[in-house]
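Next come the chains, spelled out residue by residue.
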Amino acid sequence: MKIFVTGHNGYIGAHLIGLLKAKGYEVSGCDINLYEGCAWEDYKKPDHELIKDVREISEEDLKGHDAVMHLAALSNDPMGDINEELTYQINLEGSVRLAELAKKAGVSRFLFASSCSIYGKGAKLDMDENDPVNPLTAYATSKIESEKRIGALADEHFSPVFLRNATAYGYSPMLRIDLVVNNLLACAVSKGNIAIKSDGSPWRPLIHCKDIAHAFVALAEAPQDKMHNKIINIGANSENYQVRDVADQVQKLLPEAEIVYTGEVGEDPRNYKVNFDLLYSLLPDFKLEYDLKKGMQELYDKLLEHKFSADDFDGDQFVRLRTLAKRLNLIQSS
Ligand SMILES: NC(=O)c1ccc[n+]([C@@H]2O[C@H](COP(=O)([O-])OP(=O)(O)OC[C@H]3O[C@@H](n4cnc5c(N)ncnc54)[C@H](O)[C@@H]3O)[C@@H](O)[C@H]2O)c1
């Protein structure tokens, strides 16, 4: 299989390229390198690398590939606060255009990185793929609208699949600490306390970033007719946690760290607990490599190995929003 990955230099992409290459696939990667210089460790590069905006990919770039795995995006909820319009241009219009081009180029499989954050404030505590969505941010709206518009392109020659990923955590060579688990753990290691911005009650489904990469591979390898135009929550029922449970797990690793409620965001309106039965009914052999305890232990060991400091915590390197604010010129002129 020849696979075209966008966003390969991101937190999840850095794992995905390694997994695909280990399987012997030929891999092309396209990334505009918004987070160049932010790598924590080295990682595998694709066989062919395009450094360009996804909005400028051509039909020619895609020809000859069997699948597109589309991860490039402005990639978390508060991104929309910097520039909502840009979030729609890249995450929505850029994604729909890419899917149209892939279809024209004869690429039959299109795997899209969607997100469970589209459930927003869940109407109940067991949201499945058929439940009404409630996007609370430009980021979440861009994902749900992409699902709809790309889904409308599906036909006998073009099979999109939508991975509604749980919130990622854990070690990656392109580490981020702006995701809840990594943030609480990195704060405890570098500052000695576990600072929770909400009241700790919101539910979040969690998944190791490498397990998201595993899911992309498994779905690309599954029979196309079985996956055709499916929307699938990616995670596990047992991996839904309240933020305060995450803090408790951090405290097990660092018993001296105190849990502090900063009250910064008051009551977090995003609260969603998710059902993942469909994933395991479609792929009965699929298993997560990590649960929260194992993934946290791995990241904890890495943070100690790198002597992760308060300067690292407060700096730009591992926080997408801070780096992006300085690099907007890269994507604004497109
Ligand atoms: N991390 C999570 O918790 C999570 C959860 C659910 C879904 N997702 C989705 O998974 C995907 C990957 O997430 P991530 O955590 O690896 O994000 P990331 O920010 O670490 O990586 C995104 C990559 O896309 C690239 N990119 C952004 N805009 C681009 C553009 N216009 N052209 C070319 N490249 C561009 C960036 O340079 C970066 O390397 C995203 O679509 C995200 O929305 C992530």
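Each remark here, short or long, concerns the structure printed above.
Residues numbered from 1 in each chain as written. Predicted model: local features only at pLDDT ≥ 70, side-chain atom pairs only at ≥ 80, totals over all residues. Heavy atoms only, no water.

**Q** Go over the pairing of strand β4 (residues 67-70), please, and point to the residues and values.
**A** Put simply, side chains in a regular strand alternate between the two faces of the sheet. Residues A67 and M69 of β4 are buried on one face, and the alternating residues V68 and H70, pointing to the opposite face, are buried as well. Judged from the four bridges that link them, strand β1 (residues 2-6) and β4 form a sheet pairing that is parallel. Across the sheet, F4 pairs through a bridge with V68, a residue of β4. Across four bridges, β4 lies against strand β5 (residues 109-115) in parallel orientation. (Buried < 20%, exposed > 50% of the residue type's maximum accessible area, 1.4 Å probe, protein only. Helix = DSSP H or I, 4+ residues; strand = E, 2+ residues; numbered from the N terminus. Pairing = 2+ DSSP bridges.)

**Q** Any chance you could break down helix α9 (residues 243-253) for me, citing the residues and the numbers?
**A** Within the sequence span of α9, burial applies to V243, V246, A247, Q249 and V250. Taken down its axis, α9 places every buried residue within 160° of arc, on the same side. On its buried face, α9 is in contact with α6 (180-191), β8 (193-196), β9 (203-208), β11 (240-242), β12 (258-261) and α11 (292-305). (Arc of directions from axis to C-beta. Contact = heavy atoms within 4.5 Å.)

**Q** Break down the site of the ligand for me, citing the residues and quoting the values.
**A** Taken together, 30 residues surround the ligand, and among them D31, L71, S75, Y139 and R176 come closest. Contact distances for the ligand include 3.1 Å between a nitrogen atom and a side-chain N or O atom of D53. Between the ligand and the protein, one listed contact pairs an oxygen atom with a backbone N or O atom of A168 at 2.8 Å. Burial of the ligand by the surrounding chains reaches 98%, relative to a free accessible area of 830 Å². At the level of elements, β5, α5 (138-151) and β7 (167-169) are the ones that each hand at least two residues to the shell around the ligand. Of the residues forming the shell around the ligand, the biggest block, three residues, is contributed by β5. Broken down by class, the residue content of the shell around the ligand amounts to 15 nonpolar, nine polar and six charged. (Near = heavy atom within 4 Å. Polar contact = N/O pair within 3.5 Å; in protein donor to acceptor, adjacent residues only side chain to side chain. Areas by Shrake-Rupley, 256 points an atom, 1.4 Å probe, with all protein chains shown as cover. Nonpolar A, V, L, I, M, F, W, Y, C, P; charged D, E, K, R; others polar.)

**Q** I'd like a rundown of α11, residues and numbers included.
**A** In this model α11 runs 20 Å from its N-terminal to its C-terminal C-alpha over 14 residues, within 8% of the 20 Å that 1.5 Å per residue would give. Among the residues of α11, L292, G295, M296, L299, Y300, K302 and L303 are the ones counted as buried. One side of α11 holds all its buried residues, which, seen down the axis, span an arc of 165°. Turned more than 90 degrees away from the buried face of α11, the exposed residues are K293 and E305. Contact partners of the buried residues in α11: β7, α6, β9, β11 and α9. Looking one or two places after α11, you find K307, whose phi comes out positive at around 50°. (Expected span 1.5 Å × (residues − 1).)

**Q** Summarise the side chain of N233; cite the residues concerned and give the values.
**A** Here N233 lies in strand β10 (residues 231-234). Within the structure, the side chain of N233 is placed 3.0 Å from the backbone oxygen of N275, a separation counted as a polar contact.

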